[in-house]
Amino acid sequence: MSDNVLSPDRTAGETLAGEVAVDPATGRPAGRPQALVLLLSSCLAVLGAVLLAPVLPSIQRAFAGTPGVEALTPIVLTAPALVIGLTAMVAGRIVDRVGRKRLLVSSLVVYAVVGTAPLWLPSLELIIASRVLLGLTEAAIMTCCTTLLADYFHGSKREKYFGLQVVFTTVAATFFFGIGGALGAADWRTPFWLYAVSLPLAVAAAKLIWQPAPQAQAAARTRKLEPLPWRRLGAPVGVSLLGGLVFYVLIVQLSFKLDSIGVESAATIGAASAVASLGTAAGGLLFGRLAQRGPAVLVPLAFALSGVGILGLGVATSVPAVIAAAVVTGVGNGLLLPSLLTWALGSLAFEQRGRGTGVWTSAFFIGQFFCPLLVLGLTGAIGGLGSALTVLGALSVAAAVGVRLGRPEPATAH
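Residues numbered from 1 in each chain as written. Predicted model: local features only at pLDDT ≥ 70, side-chain atom pairs only at ≥ 80, totals over all residues. Heavy atoms only, no water.

Some details on the environment of Val37
Then, number 1: Relative to the helices and strands, Val37 resides in helix H1 (residues 32–42).
Then, number 2: By relative accessible area, which is 5% here, Val37 ends up buried.
Then, number 3: For the pair formed by Val37 and Val203, sequence separation is 166 residues and the distance between their alpha carbons is 10.0 Å.
Then, number 4: Sequence-distant contacts of Val37, that is, excluding residues within four places in its chain, are made with Leu201, Ala204, Ala205, Leu208 and Ile209. (Helix = DSSP H or I, 4+ residues; strand = E, 2+ residues; numbered from the N terminus. Buried < 20%, exposed > 50% of the residue type's maximum accessible area, 1.4 Å probe, protein only. Contact = heavy atoms within 4.5 Å.)

Laid out in structure tokens, this is it:
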């Protein structure tokens, strides 16, 4: 169906100018200002995941007298991702009930409060509690941002911005990792000040973001929500669970792989991670050019590239070989996330989109959470990190074959 014609999932509040939704109050179409606010806000979940990695040893030393500090300290880093996985579905229901803008702006404000709380919290247990609350706000922010991108943009523009979402978050991860280490050199609490960056984003969202389809939103408050189309949504969500696992292999295991071949220099590990991030950004940009080929081509291609790269990581014995494999994996990862997201959301109506985004986000982040656990289990069971990576690479290639044989339908509105 042409994006110039209203389809059943585009209500009166989503009247389109080409591939762009129009503000029902002012008649102005969504554009770069709205997209930029949503893309930058999407980076906040990455801020929660990587900012503190360089200061974890310092946090552990600061609370050395806390019972179980060795087990509790990593939770400071991983708690937000687990909470996102467990609560994004709930956030999706709230998005469909109370509205995208209201939840986004309030979550950005609360994010700053709970994100900076460890600056003055006196115990490791309270810091972990604040990180759990941070994960709740991240789940809401990620769900709102992705849902609004799908609301505002359609067709090739939606695909473009889903690809840019990967580019923005990948570049942000590289930036935040470096700045976290630089700020943490003075004091381990200093990096927590960066969480206040959500406050200017909250102001920008309040000014630039508008609630689409107010008629549909009002109706959603007074009637039972339309059920999700699980026959169409089940396959992409299930595959996305595996996709989250595959996506996280490179992020978690690259430094350990380099360490296993004798690389101890933090500068070398950081440079390799930066190059791999550039590969992921390149994959996100590539998605915009290839999106018209649909999930039947792009999802298998993404899994295949990631799988081949992970297989390469498993067998590599030199730094150049590891970096080359990491780049291939990164390109696959950059294609994987927007391909899965477009497949999952493309057929959902406005009233279903928030919940659908929440379900997809939960699946993807739960896959990420289990990735290091699976790698650890395989490493112990079959003898070594290289063997574990080889198994996961083969699993990704098998997923590529399985999805290709299943021939998923194009992600078009019904």
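A few points about the packing of helix H6 (residues 124–152) against helix H14 (residues 350–382)
Then, number 1: Following both chains from N to C, one finds H6 and H14 inclined at 135 degrees, their axes separated by 9 Å at the closest point. Here H6 lies oblique to H14, going by the angle between them. As for how H6 packs across H14, the hand of that crossing is right-handed. Note on element contacts: H14 touches H6 through Phe350, Arg353, Gly354, Thr357, Gly358 and Thr361, opposite Thr143, Thr146, Thr147, Ala150 and Asp151. (Axes fitted to C-alpha atoms, helices over the stretch in contact; angles between N-to-C directions. Parallel < 35°, antiparallel > 145°, perpendicular 65-115°, else oblique. Left-handed = near helix turned anticlockwise from the far one by under 90°.)

Quick word on a nonpolar patch on the surface
Then, number 1: Among the surface-exposed residues, Val109, Val110, Val113 and Leu199 lie close enough to one another that they form a single nonpolar patch of about 300 Å² accessible area.
Then, number 2: For the nonpolar patch, the element with the highest residue contribution is helix H5 (residues 100–116), accounting for three residues.
Then, number 3: Residue position: Val113 is located in helix H5.
Then, number 4: Residue class for Val113 comes out exposed when judged on its relative accessible area of 52%. (Patch = residues over 30% accessible without salt bridge, like charges linked within 9 Å, V, L, I, M, F, W, Y side chains within 5 Å. Areas by Shrake-Rupley, 256 points an atom, 1.4 Å probe, with all protein chains shown as cover. Salt bridge = Lys/Arg side-chain N within 4 Å of Asp/Glu carboxyl O.)

Things to note about the packing of aromatic side chains
Within a pair of aromatic rings, the relevant descriptors are the distance that separates the centres and the angle that separates the planes.
Then, number 1: Applying the stated criterion across every chain yields a total of nine aromatic pairs.
Then, number 2: Ring plane angle 55 degrees and centroid distance 5.7 Å describe the contact between Tyr111 and Tyr195, whose orientation is recorded as tilted. Residue Tyr111 is found in helix H5, and its partner Tyr195 is found in the loop between helix H7 (155–184) and helix H8 (198–208); the two are separated by 84 residues along the sequence.
Then, number 3: For Tyr111, a relative accessible area of 0% gives the class buried.
Then, number 4: The buried category is assigned to Tyr195, whose relative accessible area is 0%.
Then, number 5: Between Phe153 and Tyr161, the aromatic rings sit 4.4 Å apart at their centres with planes inclined by 40 degrees, giving tilted as the arrangement.
Then, number 6: Given the relative accessible area of 8%, Tyr161 is considered buried.
Then, number 7: Among the aromatic side chains, those forming a connected cluster through ring pairs are Phe63, Tyr111, Trp188, Phe192 and Tyr195. (Phe/Tyr/Trp six-rings, centres within 6.5 Å; stacked < 30°, edge-to-face > 60°.)

Re the confidence of the model for the protein chain
Then, number 1: Scored by pLDDT, the protein chain comes out at a mean of 82, with 88% of its residues at no less than 70.
Then, number 2: When mean pLDDT is taken per element in the protein chain, H8 scores highest with 96 and strand E1 (residues 16–17) scores lowest with 46.
Then, number 3: Taken together, the stretch residues 1–17 has pLDDT below 50 and engages in 48 contacts with residues farther than four places along the chain or on a different chain.
Then, number 4: Across residues 215–222, confidence stays below pLDDT 50; counting only partners more than four residues off in sequence or on other chains, it has 19 contacts. (pLDDT = per-residue confidence, 0-100.)

A short note on the packing of helix H10 (residues 230–260) against H14
In helix packing, the relevant descriptors are the interaxial angle and the interaxial distance, both defined with respect to the helix axes.
Then, number 1: Running from N to C, H10 and H14 point in directions that differ by 40 degrees, and their axes come no closer than 7 Å. Accordingly, the angle class assigned to the pair H10 and H14 is oblique. Handedness of the H10/H14 crossing: right-handed.
Then, number 2: In the contact of H10 with H14, the residues fall into 18 nonpolar, seven polar and no charged. (Nonpolar A, V, L, I, M, F, W, Y, C, P; charged D, E, K, R; others polar.)

Digging into the environment of Val171
Then, number 1: For Val171, the position within the fold is in helix H7.
Then, number 2: The exposure class assigned to Val171 is partly exposed, which follows from its relative accessible area of 47%.
Then, number 3: Spatially, the C-alpha atoms of Val171 and Leu278 are 7.5 Å apart, while their sequence positions differ by 107 residues.

Topic: the nonpolar core
Then, number 1: The biggest cluster of nonpolar side chains holds 109 residues, and the ones touching the most others in it are Leu104 and Leu254.
Then, number 2: If we ignore the near neighbours within four places in the chain, the residues touching Leu104 are Leu38, Ile141, Cys144, Cys145, Leu148 and Ala205.
Then, number 3: Residues Ala45, Ala81, Ile84 and Phe365 belong to the second largest nonpolar core, which totals seven residues. (Core = buried A, V, L, I, M, F, W, Y, C linked by side-chain atoms within 4.5 Å.)

Observations concerning the pattern of salt bridges
Then, number 1: Under the defined criterion, the tally for this structure stands at one salt bridge.
Then, number 2: In this structure, Asp151 and Arg100 form a salt bridge, with 2.6 Å as the shortest nitrogen-oxygen distance. With Asp151 in helix H6 and Arg100 in helix H5, this pair connects stretches of sequence that are 51 residues apart.
Then, number 3: Overall, Asp151 belongs to the buried group, its relative accessible area being 0%.
Then, number 4: Overall, Arg100 belongs to the buried group, its relative accessible area being 0%.

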